[in-house]
Amino acid sequence: MTSPVASPSSANAKARYLAAPRRSDFTLEQDWSSYSTAEHDRWDRLFARAQTVLQGRACDEFLAAMKTLQLSESGIPDLDKLSARLKPLTGWEVVAVAELVPDDIFFDHLAHRRFPAGAFIRPEHEMDYLQEPDIFHDVFGHVPLLANPVYADFMQAYGKGGQRALALGQLKNLARLYWYTVEFGLLRSPEGLRIFGAGILSSATESVFALENDSPNRIGFELERVMRTNYVIDDFQQSYFVIDSFKKLLEDSYRDFGALYARLADAPDIDADQVTAADRLIHRGTMDYFTLKRASAVH
Ligand code: HBI
Ligand code: FE
């Protein structure tokens, strides 16, 4: 009797992709039929919680794209079907990877309008927070805005900029631009501040914190300032930057980065919790959340 194929438990969700054959560009088969019912159910619970929190908090472009791309509570998306809906809109497609890929591979995918999405879904005990991008962070957080033509252009420009930054050894500064926009960016709207960063969109708790908590700074986006600002990766952000529009973000990014990198080489970093005299300050944070956390962490 052949042993029944154990439905892949979520605990080894990532393991099965790490063990799967991969191509030279680090992509692999999503193997959509291999997801267990429990994993599809986990996507649905993550999706439902995020959708509830994001009404009135996510930017309109994101909410509209969710409908256009038919992303819903119907289990983990099949990336080939999702790409078939996305590609006609902006030329972007979503490809499956096992985990973070080397920077040069990542930038090459973006430069060719391919978004690499982690194929695994977080295990039950990491529902609220996980360090690295799983399929919920990547597909729910990053993919919808790729349906917006201006944002789609920005993401490809970032990929090309990343390839150049690697060649110039300037990745640190450029990664901050990605971090404070693509991952944790806020957008000014007639109704108030709205979220577009994937790291916030895919976190129900940070979606509220980023817009409504008094602790963090909220500062008008300025390219050079952002590229000097360091960040932490394991907690809420101490500062959020606010763009006026995707069009303005794209225009701001059409700069001579060579001259910019030269200026940045002499400019000291700015700590994540700092406000500078030149900042267009929207909200000066109290930093209470971070002070309390440090106080409780110190035993
Ligand atoms: N790989 N799959 C994946 N997803 C990312 O977001 C990613 C990556 N590799 C490198 C990377 N991000 C960042 O280091 C660059 O943005 C600098
Ligand atoms: Fe991300």
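Residues numbered from 1 in each chain as written. Chains lettered and ligands numbered in written order. Predicted model: local features only at pLDDT ≥ 70, side-chain atom pairs only at ≥ 80, totals over all residues. Heavy atoms only, no water.

**Student:** I'm lost on the site of ligand 1 in this one. Help?
**Tutor:** Surveying the vicinity of ligand 1 reveals the residues V97, E99, L100, V101, D103, F106, F107 and Y158. Interatomic distance of 2.9 Å between a backbone N/O atom of V101 and a nitrogen atom of ligand 1. In this structure, D103 approaches ligand 1 through a side-chain N or O atom, which is 3.1 Å from an oxygen atom. Burial of ligand 1 by the surrounding chains reaches 85%, relative to a free accessible area of 390 Å². (Near = heavy atom within 4 Å. Polar contact = N/O pair within 3.5 Å; in protein donor to acceptor, adjacent residues only side chain to side chain. Areas by Shrake-Rupley, 256 points an atom, 1.4 Å probe, with all protein chains shown as cover.)

**Student:** Help me out: how do you make sense of the coordination of the iron ion (ligand 2) in this one?
**Tutor:** By definition of the ideal shapes, four donors in a tetrahedron about a metal sit 109.5 degrees apart, and six donors in an octahedron sit 90 or 180 degrees apart. With distances of 2.0 to 2.8 Å, the protein atoms coordinating the iron ion (ligand 2) are H137 (NE2), H142 (NE2), E183 (OE) and E183 (OE). One can describe the site at the iron ion (ligand 2) as irregular: its 4 donor atoms subtend angles covering 51 to 133° at the metal. Positions of the donor residues of the iron ion (ligand 2), expressed as sequence spacing, correspond to H-x4-H-x40-E. Placement of the pair is H142 in helix α6 (residues 135-142) and E183 in helix α8 (residues 171-183), with a sequence separation of 41 residues. Here H142 matches E183 in class, with each residue buried. (Donors = N, O, S within 2.8 Å, 3.2 Å for Na, K, Ca; no water. Tetrahedral: all angles 85-135°; square planar, octahedral: opposite > 155°, others 65-115°. Helix = DSSP H or I, 4+ residues; strand = E, 2+ residues; numbered from the N terminus. Buried < 20%, exposed > 50% of the residue type's maximum accessible area, 1.4 Å probe, protein only.)

**Student:** Looking at this structure, I do not really get the pairing of strand β3 (residues 186-189). What am I missing?
**Tutor:** Side-chain positions along a regular strand alternate between the two faces of the sheet. By the bridge criterion, 4 bridges tie β3 to strand β4 (residues 192-195) in an arrangement that is antiparallel. Each bridged residue has a counterpart across the sheet, and for S189 the counterpart in β4 is G192. Hairpin remark: β3 followed by β4, antiparallel, with 2 residues in the connecting loop. One ladder, built from 2 bridges, connects β3 with strand β6 (residues 239-243); its direction is parallel. (Pairing = 2+ DSSP bridges.)

**Student:** How do you make sense of the pattern of salt bridges when you look at a structure like this?
**Tutor:** In a structure, side chains of opposite charge can pair up when their charged atoms sit close to one another. Under the criterion given, the structure shown has 23 salt bridges. Residues R57 and E212 are paired through a salt bridge, measuring 2.7 Å at the closest nitrogen-oxygen approach. In this pair, R57 is assigned in the loop between α2 (37-54) and α3 (60-68) and E212 in helix α10 (residues 204-212), connecting sequence segments 155 residues apart. Among the salt bridges present, the one from E224 reaches R263, with a minimum N-O distance of 3.0 Å. Remark: R263 occurs in helix α13 (residues 257-266) and E224 occurs in helix α11 (residues 223-227); sequence separation between them is 39 residues. Taking relative accessible area as the criterion, E224 reaches 19% and is therefore assigned buried. The class for R263 is partly exposed, based on a relative accessible area of 42%. If you follow the salt bridges from partner to partner, you end up with D41, R42, R45 and E124 in one network. (Salt bridge = Lys/Arg side-chain N within 4 Å of Asp/Glu carboxyl O.)

**Student:** How should I be thinking about empty space enclosed by the protein in this particular structure?
**Tutor:** Here the structure, examined in full by the defined rule, presents 1 cavity of 30 Å³ or more. Roughly 50 Å³ of volume is contained in the largest cavity. As for the largest cavity, its lining consists of L46, R49, A50, M127, D128, F136, S202, S203 and A204. For the lining of the largest cavity, the element with the most residues is α2, which contributes 3 residues. Of the residues that constitute the lining of the largest cavity, the class distribution is 5 nonpolar, 2 polar and 2 charged. (1 Å grid on protein atoms, 1.4 Å probe; cavity = no way out; pocket = protein on both sides within 12 Å on 5 of 7 lines; lining within 4 Å. Points joined across faces, edges and corners; volume = space filled by probe spheres on them. Nonpolar A, V, L, I, M, F, W, Y, C, P; charged D, E, K, R; others polar.)

**Student:** Can you help me understand the pairing of strand β5 (residues 217-220) in this one?
**Tutor:** Every second residue of β5 is oriented toward a common face, with N217 and I219 on one face and R218 and G220 on the other, all of them buried. Note that β5 and β6 share 4 bridges and pair parallel. Across the sheet, the residue bridging to R218 is Y240, located in β6. Here β5 runs beside strand β7 (residues 281-283); their pairing, made up of 2 bridges, is antiparallel. Bridge pairing links I219 to L281 in β7.

**Student:** Sorry, what's going on with helix α7 (residues 149-168) here?
**Tutor:** Relative to the 28 Å expected for 20 residues at 1.5 Å per residue, α7 spans 29 Å between its end C-alpha atoms, a close match to the ideal helical length. Those residues of α7 hidden inside the fold are in contact with α4 (79-90), α5 (103-111), β2 (114-118), α8, α12 (246-253) and α13. Here α7 starts with a cap whose side-chain oxygen sits 3.1 Å from the backbone nitrogen of V150, and that cap is N148. (Expected span 1.5 Å × (residues − 1). Contact = heavy atoms within 4.5 Å.)

**Student:** Just to check I follow, could you spell out the layout of surface pockets for this structure?
**Tutor:** If a probe the size of a water molecule is rolled over the atoms, the empty space left behind becomes visible. If you add up the space inside the largest pocket, you get close to 1000 Å³. Along its surface, the largest pocket is lined by 40 residues, and Q131, P133, H137, W179 and E183 are the ones closest to its centre. Breaking the lining of the largest pocket down by element, the ones donating at least two residues are α5, β2, α6, α8, α10 and α14 (288-297). The element best represented in the lining of the largest pocket is α8, accounting for 5 residues. The residue makeup of the lining of the largest pocket, split by class, is 21 nonpolar, 8 polar and 11 charged. Estimates place the volume of the second largest pocket at around 270 Å³. As for the second largest pocket, its lining consists of 16 residues, of which A157, Y158, K160, G161 and S253 are closest to the centre. Of all elements in the fold, only α7, α8 and α13 reach the threshold of two or more residues within the lining of the second largest pocket. Among the elements that take part in the lining of the second largest pocket, α7 stands out by supplying 9 residues, more than any other. Of the residues contributing to the lining of the second largest pocket, the split by class is 9 nonpolar, 3 polar and 4 charged.

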